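# Coordinates in review
Given next are the chains, with one letter for each unit.
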Amino acid sequence: MGIEAQDRATTALCAAAGACAGLVLTGWAIDAPALTGFGSPLTAQPLTAVAFLVLTAAMLFALAERKMLATLLAVVPALIGASALFQEIAGVALGTDTLLFADRVTRQALPEPGRPSTAVALGLLLLSGGAVAATRKGLRMGQTAAVLAITGFGAIAVAGAALPLAAELTDPAFRYVAAPLPAMICGVLLAIALLGWRGSVWEGLLAGLGLDRTLLQVVLPLLVVTPVAAEWIEERAKGAGLDPVVAGSVETGLNIAAMAALLLWVTSRAAREQRARRALTRALDSAPIALTDTSGLVIHWSKGCEQLYGWGQAEARGRRKYDLLASATGQDESAAWPSGSAGWEGELIERKRDGSTVNILERARLLEPRHGGDPVFVLSMTDITARTQAEAALRESEARLTLAMDTNDIGIIEWDAVAGRFTQSRGAGRSLGLAEGGISSLADWRARIDPADRAALFSRINNAIARQQPRIRFRHRFVRPDGSKRMLETSAACFYDAAGKLTRLICVYIDVTEKEEWESRLAQLQDEVMHVSRLSAMGEMASGLAHELNQPLTAVVNFLGTAKVLRATGDDSKLDDLLAAASQQALRAGQIIRRLRTFVSRGTVQEEWTSIGELIEDSIALALASRGRNDVDLRIETEDPDQLVCADRVQIQQVLVNLLRNAAEALDQMPPERREIVVTSAIDGDPERLLVSVQDNGPGLPKEMLDSLFTPFVSGKEGGMGVGLSICKRIVEAHGGTLRAENNQHGGATFRFTLQTRPGDDEV
């Protein structure tokens, strides 16, 4: 029962006792004997009613924490009870018996009218003392209040229950053995209220006697009331004319039944409590708990301690715990017993019996004994070895992560959008030239972004947040405090609330400045290599190109010479035809020169719409110029020669020239009549992708080179540089396509690459 419930119950009992005493006083005031005795022949005296009424008030004031007033009021019933006892023992009359309602009191047929009976006086004295003791704190006061309450309860209850068995009212011994019914009711109610006084009385009683509260609440009244009730029933049965033997049997049966029921209840309750106590004892004993004296000597060593440390109770008892377990703190220092402390909590490293160590969280509490004796420490130990190891592994992992982040210029920035706060990971700003906490708000971060990137970056972030994207990737230049710039590649994870509003943004960035510089330099070198590759190819094709140019130029000279001769002879009929033929041959030479100049140029990469048929024709003219179209059987098979592709014309020509020249060189090992090259183009399933292939019927590719065919500086030709195919692969992949090679089933090899029939998406 809680304190509030106990207070309510005590208040109700006191109120009932006060009402009972008030009725008695009312009966005396209006001369109504039925109220003064509640129908019994023995009436409660006015002083008795006043004493119980004042005692009730004292207990109510005590409940209200008015201890001084309660103590003063408790003196009144104590004086009334003490004066009655003094008059009985000394055989004197102090004149206090007739202080109230003297004329009515003296009319009673009692030996000492107006005086409380001995049992009532004793009960008043005991209950008053118990009320005063209950208002005081401490175990001793609780024990005193309990003893006084129980004794007062017994005195009044027994005397009241014996009233039906008492002699005539005029008998002088009557006032020693009997108590009026109203006094018994008031005394019992106040005694029970005192016993339930906020637990302090019961705490003292149970601690002193080792008894259970409910046991006393039930057993004590039964032990007092049952014999008296049985005797009263027997007397009433005899008065009703029942045979004395039968009446005695009824009394005996009632006593046996009451005692049997009481014994059964007590036994079953004791058995339940014993089982619960054993279960609790086993549970406590299974936990690592030890009792030590104030110097650390082990008094009790539980089974849980034996299982945890390996030391048995007999081995541990009488030894100092910290010495037995070589207890040490986290700094490998021996743990010192904290003498004089009332309790502590800390982590220890302790050694088990087998020599292994265990991490322990130890909690200690000083327990003061209730009944004298020396205080003891209650130690509870928790094995935190797994937790300690996990924490150490976590710290080590965090250290490795921090080292990896520092080594690779990786940083983490978290933005709490609700609080508007930025948080940097440790060392996040080192590569950016920022001190710890150098960026603390969105405005700080915005100010550090290169103005040239700022608008596009925030537009991308805002659009992604508006669509509630979970992740955003972007690049931007970061302006350091010294004015230098770093290129950051960032991936941001976005978190939203239930309403879709951004709450948190966690950004992981990598400083890719050096990477960007190396990639730019590498791209420049690759462009130079491609240019050199084209020049090398032109060097190899020089003789063929000279032959190609010689033919149209010779024809121009011949046509013009013939025209001059005809004009000299005056024959102008064929002059226009000759001039037209010469002009056609000159245009042919110009086309050859244009193709050559475009192929060897180092202009910027520029994608444009170009027909695949024109690309193939120009590439064949460049690749086979030195060999002649008649040297091989070359076929062009295109689904649609006018199919447009989005590509850099010069670079794709370089790919085709390389593949065609490689195919032609492979055919040198074949008889002239079996040299065949087939160039095809067709939509490759996807309408946005065109597949171009160059197929020959030569000896094929060596199997050992298939896996490394596109590796730079790996060549299957004697004296080859090994850069041609690797450059071709890079060009095709830069156009969003793929390049692959395979041997044909019936001999020869085929190179296939894809081109887009639409522009690629711009990278954001």
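Before reading further, recall that the structure is shown in the block above.
Attention here is on the structure that accompanies the text. Computed from a predicted model, the values in this text were never measured in an experiment.

### Section: the pattern of salt bridges
Under the defined criterion, the tally for this structure stands at 23 salt bridges. For the salt bridge of Glu-350 with Lys-321, the shortest nitrogen-to-oxygen distance reads 2.7 Å. On the criterion of sequence distance, the pair formed by Glu-350 in strand β3 (residues 343-351) and Lys-321 in helix α15 (residues 321-324) is long-range, its members being 29 residues apart. Across the pair, Lys-321 and Glu-350 agree in class, each one buried. Between Asp-416 and Arg-421 there is a salt bridge; the shortest N-O distance is 3.5 Å. Since its relative accessible area comes to 22%, Asp-416 is described here as partly exposed. Among the charged side chains, a salt-bridge network with shared partners connects Asp-450, Asp-453, Arg-477 and Lys-485.

### Quick notes on the sheet that holds strand β7 (residues 421-424)
One open sheet accounts for five strands, arranged β7-β6-β10-β9-β8; its pairing is antiparallel. Since the sheet does not close on itself, it has two edges, and those belong to β7 and β8 (471-479), each with one partner. Recorded for the sheet is a direction-independent mean angle of 25 degrees between the axes of neighbouring strands. Where strand β9 (residues 485-496) and strand β10 (residues 502-511) come together, nine bridges link them in antiparallel fashion. The residue of β10 that forms the bridge with Ala-493 is Ile-506. Most of the contacts of helix α18 (residues 451-466) go to β8, to which it runs at about 160 degrees, and overall it touches β8, β9 and β10.

### Points about the side chain of Ser-681
Mapped onto the fold, Ser-681 is located in strand β14 (residues 676-684). Excluding its chain neighbours within four sequence positions, the residues that come into contact with Ser-681 are Ile-612, Glu-637, Thr-638, Glu-639, Leu-690, Leu-691 and Val-692.

### Focus: the pairing of strand β15 (residues 686-696)
Put simply, side chains in a regular strand alternate between the two faces of the sheet. Here β14 pairs with β15 via eight bridges, running antiparallel. Each residue of the ladder has a partner; that of Val-678, found in β15, is Gln-695.

### Concerning the packing of helix α4 (residues 67-90) against helix α6 (residues 118-134)
Axis separation between α4 and α6 bottoms out at 8 Å; the angle between their running directions is 150 degrees. By the criterion of interaxial angle, the relationship of α4 to α6 is roughly antiparallel. Classified by chirality, the crossing of α6 by α4 is left-handed. In this structure, α4 contributes Thr-71, Ala-74, Pro-77, Ala-78, Ile-80, Gly-81, Ala-82, Ala-84, Leu-85 and Glu-88 to the contact, and α6 contributes Thr-118, Ala-121, Leu-122, Leu-124, Leu-125, Ser-128 and Val-132.

### As for empty space enclosed by the protein
Applying the stated rule across the entire model yields five cavities of 30 Å³ or more. Of the volumes computed, that of the second largest cavity is approximately 80 Å³. Lining the second largest cavity, in full, are Ile-413, Leu-432, Trp-445, His-476, Phe-478, Leu-488, Thr-490, Cys-507 and Tyr-509. Of all the elements in the fold, those that place two or more residues in the lining of the second largest cavity are β8, β9 and β10. The class makeup of the residues in the lining of the second largest cavity is seven nonpolar, two polar and no charged.

### Overview of unusual backbone geometry
Backbone geometry places Asp-31, a non-glycine residue, at a positive phi of 60 degrees. Note on placement: Asp-31 falls in the loop between α1 (3-30) and α2 (33-37). In this structure, Glu-65 is a non-glycine residue whose phi angle is positive, near 65 degrees. Inspection of the secondary structure puts Glu-65 in the loop between α3 (46-63) and α4. Classification of Glu-65 as partly exposed rests on a relative accessible area of 46%.

Quick notes on the rules
Residues numbered from 1 in each chain as written. Predicted model: local features only at pLDDT ≥ 70, side-chain atom pairs only at ≥ 80, totals over all residues. Heavy atoms only, no water. Salt bridge = Lys/Arg side-chain N within 4 Å of Asp/Glu carboxyl O. Helix = DSSP H or I, 4+ residues; strand = E, 2+ residues; numbered from the N terminus. Buried < 20%, exposed > 50% of the residue type's maximum accessible area, 1.4 Å probe, protein only. Pairing = 2+ DSSP bridges. Axes fitted to C-alpha atoms, helices over the stretch in contact; angles between N-to-C directions. Contact = heavy atoms within 4.5 Å. Parallel < 35°, antiparallel > 145°, perpendicular 65-115°, else oblique. Left-handed = near helix turned anticlockwise from the far one by under 90°. 1 Å grid on protein atoms, 1.4 Å probe; cavity = no way out; pocket = protein on both sides within 12 Å on 5 of 7 lines; lining within 4 Å. Points joined across faces, edges and corners; volume = space filled by probe spheres on them. Nonpolar A, V, L, I, M, F, W, Y, C, P; charged D, E, K, R; others polar.

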